[in-house]
Amino acid sequence: MKKFLKIATVVTAAALIFAACGGSDEDSAPDTTMAGATDTTMAGETSDVFTFTNFTPFEGGTVVKCAPADGSALKAAWIYVGPINDGGWTQTHNAGREYVQEILGDKVITTYKENVPEGPQVEIVIDDLVKDGNTVIFGTSFGFQDAFLASAAKYPDVCFEFATGYTQKNNMSQFYGASEDTKYLSGIAAGAEAPEGSEIGVVAPFAIPEVIRGLNGFVLGVQKVNPTATVKVVWTNTWFDPAIERKAAESLISAGVKAIASFQDSPATGEAAKVKGIGWVGYDSDQSEAFNDIWLTASTYDWGPYELAKIEAAIEGKWISGDYYGNLSDNFISIANYGAKVTQETKDLIASERERLTANPAAQFTGPITAQDGTVKIAEGAIPSYGELMSMDYQIKGITTDLPQK
Amino acid sequence: MNNNILVIILASGVFYGTPLFFAALGELFTERSGVLNLGVEGMMLMGGVSAVWASQHIPGTSWFVVLCSIFIGAFAGALVAALHAFLCVTLRTNQTVAGLSITIFAGALGLSSYFANVWDVASKTVQHPIRILNPGGLADTPIVGPIFFHQTILTYLSWVLCVLSVVYLFRTRTGLKLRSVGESPQTADAVGINVAKYRYIHTILGGALAGIGGTYYSLTIVPQWVDGVTKGAGWIAIALVIFGFWRPDLTLLGAYLFGALQSLGLTLKARNIEINGSILDAMPFIMTVVVLVIVSGGWAHKRLQTPAALGIAFEREER
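Reading the values: the criteria
Residues numbered from 1 in each chain as written. Chains lettered and ligands numbered in written order. Predicted model: local features only at pLDDT ≥ 70, side-chain atom pairs only at ≥ 80, totals over all residues. Heavy atoms only, no water. Pairing = 2+ DSSP bridges. Helix = DSSP H or I, 4+ residues; strand = E, 2+ residues; numbered from the N terminus. Axes fitted to C-alpha atoms, helices over the stretch in contact; angles between N-to-C directions. Patch = residues over 30% accessible without salt bridge, like charges linked within 9 Å, V, L, I, M, F, W, Y side chains within 5 Å. Areas by Shrake-Rupley, 256 points an atom, 1.4 Å probe, with all protein chains shown as cover. Salt bridge = Lys/Arg side-chain N within 4 Å of Asp/Glu carboxyl O. Buried < 20%, exposed > 50% of the residue type's maximum accessible area, 1.4 Å probe, protein only. Phe/Tyr/Trp six-rings, centres within 6.5 Å; stacked < 30°, edge-to-face > 60°. Disulfide = S-S within 2.5 Å. Right-handed = clockwise from strand over helix to strand, strands pointing away. Parallel < 35°, antiparallel > 145°, perpendicular 65-115°, else oblique. Left-handed = near helix turned anticlockwise from the far one by under 90°. Contact = heavy atoms within 4.5 Å. Nonpolar A, V, L, I, M, F, W, Y, C, P; charged D, E, K, R; others polar. Domains from an automatic or database assignment. Buried area = accessible area lost by both parts, 1.4 Å probe. Polar contact = N/O pair within 3.5 Å; in protein donor to acceptor, adjacent residues only side chain to side chain. pLDDT = per-residue confidence, 0-100. Core = buried A, V, L, I, M, F, W, Y, C linked by side-chain atoms within 4.5 Å.

Draft legend 1. Expanded view of the sheet that holds strand S8 (residues 230–235) of chain A. All names here are of chain A. The strand order across the open sheet formed by 6 strands is S8-S7-S9-S10-S11-S13, and the pairing between neighbours is mixed. Here the strands that pair on one side only, and so sit at the sheet edges, are S8 and strand S13 (333–335). Taken over all neighbouring pairs, the strand axes of this sheet differ in orientation by 15° on average, direction set aside. With 3 bridges connecting them, strand S11 (residues 295–301) and S13 associate as antiparallel partners. Bridged to Thr-300 within S13 is Ser-334.

Structure (structure tokens):
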């Protein structure tokens with residue numbers, strides 16, 4: 001019996017560890033709205049400060065010299081939340097790093113840390129990277145933000161580049177892009193695929209503004225072609241967990257949705273959709289070959305050009321912090337190839353809407369935009385400001401599920 | 001009728017319970033021979049990654065590749081189990097420590113992820129996943145169709161294995177010898193049973209079944225390699241053996257119960273029944289703890305079928 005208890009204790013301990021790991025939560029919504037960034041002005045025509053399309057330096061910011069003074073190769077590091085071969089988010093970021101390395105050759109030494117969990121450990125990872133001589137550090141997951149802020153204060157001579165955040169610092173930039181525009185385009189494909197007035201499912205990660213505004217963009221796309229369709233969302237509370245993504249997709253499909261979208265990387269939702277043969281909108285990667293019969297399209301990113309420009313700026317001593325918000329006009333965001341289900345009519349509509357959004361980003365949010373509870377959030381004829389977009393924390397009408405409780 | 005929420009929950013119970021059953025059945029054989037194997041998680045992951053490799057590299061028709069992948073997944077699990085058997089039976093190390101080190105060594109941050117990197121299995125999609133099979137249109141029958149016949153070949157195989165295991169354990173001479181090795185290796189040795197041989201064979205068999213469980217994760221649930229994809233399923237499997245009182249039939253039921261729990265939260269969510277997600281996600285593990293507490297109680301242990309020699313190395317010289 002004693003030995004049996006010993007086994008029981010060990011198994012119990014292991015079970016408790018997994019139970020504890022299971023309930024990660026990420027509800028901290030950003031409450032500050034972005035001040036500095038407004039439009040795509042080419043700030044500072046002087047040649048000693050970095051300029052780039054869709055990049056706005058923070059107000060009152062100064063140039064940070066973060067290249068080695070002796071002219072040796074600049075060391076830059078990327079911190080990833082997932083594995084570099086996740087087939088989505090981290091893989092596209094790593095492609096950006098490889099792009100930088102390839103173009104700059106021996107002028108830069110790039111490294112990366114993968115599978116870094118969100119939380120205070122990130123600071124330790126950054127400490128190590130700085131100790132190794134890295135002077136430009138890229139962070140690629142929302143949950144790294146607090147650690148990046150703390151490290152930016154600790155190392156004022158290191159240039160930090162943060163993707164998908166909202167805080168500003170003299171040596172910490174924010175970079176991301178208008179995926180709500182490409183999600184809108186993919187929403188058109190989903191709306192056209194589902195019968196009129198039917199339900200469409202979405203497998204979404206965390207209910208944070210970045211994801212919610214993409215969801216709203218998607219729903220507007222659905223409604224563009226299928227005004228009476230409704231959208232049902234299941235929040236998985238994870239960025240990457242294919243098994244949970246599949247279960248979430250199955251739960252939506254069994255509840256009767258006629259098309260499904262995933263805002264998460266893995267093809268797990270596609271696997272579940274394939275079983276029932278319903279149309280699937282993916283995210284981050286082109287699955288048009290492997291899932292041709294059910295694939296619709298996906299919203300995709302190209303991180304490389306911005307990251308390259310910022311590292312070049314650092315080498316030239318022109319690096320400055322600011323906000324980069326890429327869009328369709330500079331090809332930061334794009335949509336993947338279509339699958340067999342997408343009709344020519346839908347393709348034509350998406351093409352014309354793409355032109356409209358390329359000229360006017362966020363034009364799909366032209367008011368009136370009504371929230372789920374019926375309040376008008378964006379007035380008739382108005383287009384939301386950058387700040388309003390960044391702080392969008394409500395679901396629009398047409399979504400039938402509630403946001404998760406805080 | 002087939003969209004009834006109960007039918008859907010039961011169907012997902014079978015779907016997600018199948019890999020748990022494979023791993024648990026393997027552990028059951030191992031423990032029946034008196035060897036405790038806490039390395040199940042590591043063996044599942046090694047099986048899973050090897051099966052993905054096989055699926056990407058073996059040429060041939062789809063069903064042939066699928067069979068080969070299952071076989072290679074089982075083989076990889078068996079290899080790791082052979083190491084465990086060597087440590088526990090030949091070297092007579094502490095079985096708890098050996099098992100734990102195997103899970104750490106081969107697990108999510110160890111060998112399985114290393115091979116995933118070296119073989120570069122994660123960046124490619126799996127060309128021949130193990131997909132759901134509808135035998136003779138049975139899946140369309142009401143209620144039982146979606147629950148039992150909207151499954152993969154591995155599920156159908158697991159039922160055959162379950163029946164065979166019950167017959168083997170309780171109706172054959174070899175099964176009796178196996179149980180006697182687990183109960184009293186000294187006695188078994190005295191009547192001429194080769195204790196070491198039985199322990200080796202059943203530990204390796206257990207590893208092979210765990211490998212198939214891992215294969216189910218990487219080729220069926222998500223046909224793509226993800227480091228640590230089993231997420232603790234190996235530990236649930238070990239608890240299931242106790243939950244099923246070391247009997248294959250009860251273990252199968254337990255596996256389906258735990259499988260159903262794993263997707264219950266999301267199924268309810270998609271139907272606007274809001275339950276705290278974190279609690280539901282933790283349910284299988286909380287259940288594991290509860291089960292272990294219950295079966296550790298004094299009233300239960302008299303009725304339990306715990307192999308008496310479980311976890312104790314057999315040393316002939318010490319008789």
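Draft legend 2. Here's a closer look at a nonpolar patch on the surface. Residues and elements named next belong to chain B. Judged by side-chain polarity, Trp-63, Phe-64 and Leu-67 come together as a nonpolar surface patch covering roughly 350 Å² of accessible area. As for its position among the elements, Trp-63 is in helix H3 (residues 62–90). Residue classification places Trp-63 among the exposed residues on the basis of a relative accessible area of 59%.

Draft legend 3. Quick peek at the sheet that holds strand S6 (residues 172–177) of chain A. All names here are of chain A. Spatially, 7 strands are ordered S1-S12-S6-S5-S4-S2-S3 in an open sheet, and the strand pairing comes out mixed. The open sheet has two edge strands, strand S1 (55–57) and strand S3 (108–113), and neither has a second partner. When the angles between neighbouring strand axes are averaged without regard to direction, this sheet yields 15°. Pairing of strand S2 (residues 74–79) with strand S4 (residues 136–139), which is carried by 4 bridges, proceeds in the parallel orientation.

Draft legend 4. Local environment of the packing of aromatic side chains. Residues and elements named next belong to chain A. According to the stated counting rule, one finds 43 aromatic pairs over all chains in the structure shown. Plain terms: the ring middles of Tyr-324 and Phe-332 are 5.6 Å apart, the flat faces sit at 85° to each other, and that makes the pair edge-to-face. We note that Tyr-324, like Phe-332, is buried. On the numbers, 5.1 Å between centres and 85° between planes, the contact of Tyr-325 with Tyr-386 is edge-to-face.

Draft legend 5. Looking closely at the state of the cysteines. All names here are of chain A. Counting across every chain of the model gives 1 disulfide over all chains. Between the sulfur atoms of Cys-66 and its disulfide partner Cys-159 the distance amounts to 2.0 Å. Between Cys-66 and Cys-159, the S-S torsion sits near -100°, and that sign places the bridge as left-handed. In this pair, Cys-66 sits in the loop between S1 and S2 while Cys-159 sits in strand S5 (residues 159–163), placing the two residues 93 residues apart along the sequence. Of the two residues examined, Cys-66 and Cys-159, each falls in the buried class.

Draft legend 6. The arrangement of the pairing of S2(A) in detail. All names here are of chain A. With 5 of 6 residues buried, S2 lies mostly within the body of the structure. Here S2 pairs with S3 via 6 bridges, running parallel. Bridging across to S3, Trp-78 finds its partner in Tyr-112. Regarding topology, helix H2 (residues 89–104) serves as the crossover connection from S2 to the parallel S3, and that connection is right-handed.

Draft legend 7. Focus on the pairing of S4(A). Residue and element names in this part refer to chain A. Alternating positions in S4 separate into two faces, Val-136 and Phe-138 on one and Ile-137 and Gly-139 on the other, with burial throughout. Here S4 pairs with S5 via 4 bridges, running parallel. The residue bridging Ile-137 from the neighbouring strand is Phe-160, located in S5. Between S4 and its parallel partner S5, the chain crosses via helix H4 (residues 145–154), and the hand of that crossover is right-handed.

Draft legend 8. Inspection of the environment of B:Val226 at higher detail. One can find B:Val226 in the loop between helix H10 (195–221) and helix H11 (233–243). Along the sequence, B:Val226 and B:Ala116 sit 110 residues apart, while their C-alpha atoms lie 8.6 Å from each other.

Draft legend 9. Examining the packing of helix H7 (residues 153–171) of chain B against H10(B) more closely. All names here are of chain B. At their nearest, the axes of H7 and H10 sit 12 Å apart, and the two run at 160° to each other. Relative to H10, the element H7 is oriented roughly antiparallel. In this structure, the crossing between H7 and H10 has a hand that is left-handed. On H10, the residues that touch Leu-154, Thr-155, Leu-161 and Tyr-168 of H7 are His-202, Leu-209, Ile-212 and Tyr-216. Split by residue class, the contact of H7 with H10 holds 6 nonpolar, 2 polar and no charged.

Draft legend 10. Region of the structure containing the pattern of salt bridges. All names here are of chain A. This model, assessed by the stated rule, comprises 13 salt bridges over all chains. The closest approach of N and O atoms between Glu-193 and Lys-341, which form a salt bridge, is 3.1 Å. Taken together, the residues span a long stretch of sequence, with Glu-193 in helix H5 (residues 179–193) and Lys-341 in the loop between S13 and helix H10 (344–359) at a distance of 148 residues.

Draft legend 11. The domain arrangement of chain A, seen in detail. Residue and element names in this part refer to chain A. In terms of domains, chain A is made up of domain 1 (8–178 + 303–330) and domain 2 (179–301 + 333–390). At the interface, 30 residues of domain 1 touch 26 residues of domain 2. When the two sides are added together, the surface that domain 1 and domain 2 hide from each other amounts to roughly 2400 Å², 60% of it contributed by carbon and sulfur. The three residues of domain 1 that bury the most area against domain 2 are Ala-178, Tyr-325 and Leu-328, which together make up 28% of that side's buried surface. The interface formed by domain 1 and domain 2 contains 0 salt bridges. If you look at where domain 1 meets domain 2, you find 10 residue pairs in polar contact (both at pLDDT 80 or more). Among the elements of the structure, H2, S6 and strand S12 (322–326) are those that each provide at least two residues to the side of domain 1 that touches domain 2. Among the elements that take part in the side of domain 1 that touches domain 2, H2 stands out by supplying 3 residues, more than any other.

Draft legend 12. Region of interest: the packing of helix H7 (residues 242–254) of chain A against helix H8 (residues 268–276) of chain A. All names here are of chain A. Orientation of H7 relative to H8, taken along the N-to-C sense of each, is 35°, at an axis distance of 7 Å. Helix-helix and strand crossings are classified by hand; for H7 and H8 the assignment is right-handed. Contacts from Pro-242, Glu-245, Arg-246, Ala-249, Glu-250 and Ile-253 in H7 reach Ala-268, Thr-269, Glu-271, Ala-272, Ala-273, Val-275 and Lys-276 in H8. Within the contact of H7 with H8, the residues separate by chemical class into 7 nonpolar, 1 polar and 5 charged.

Draft legend 13. Seen up close, the side chain of A:Asn134. All names here are of chain A. Counting through the fold element by element, Asn-134 comes out in the loop between helix H3 (121–131) and S4. A residue is classified by how much of its surface remains accessible, and Asn-134, at 3% relative accessible area, is buried. A polar contact of 2.9 Å, which involves the side chain of Asn-134, links it to the backbone oxygen of Leu-129. Other than its neighbours up to four places away in sequence, Asn-134 contacts Lys-75, Ala-76, Ala-77, Thr-111, Leu-129 and Val-158.

Draft legend 14. Layout of the confidence of the model for chain A. In the predicted model, chain A carries a mean pLDDT of 87, and 88% of its residues have values of at least 70. The low-confidence segment residues 20–46 of chain A, where pLDDT is below 50, has 47 contacts with residues more than four positions distant or belonging to other chains.

Draft legend 15. A look at the nonpolar core. All names here are of chain A. Core analysis: the biggest nonpolar cluster contains 85 residues, and Val-136, Val-202, Phe-218 and Ile-311 have the highest contact counts within it. Considering each element in turn, this core owes the most residues, 7 residues, to helix H6 (residues 209–225). Counting contributing residues per domain, this core is built from domain 1 (8–178 + 303–330) and domain 2 (179–301 + 333–390), each supplying no fewer than three. The contacts of Val-136, once residues within four sequence positions are left out, are Cys-66, Leu-74, Lys-75, Ala-76, Ala-77, Val-158, Cys-159, Ile-311 and Ala-314.

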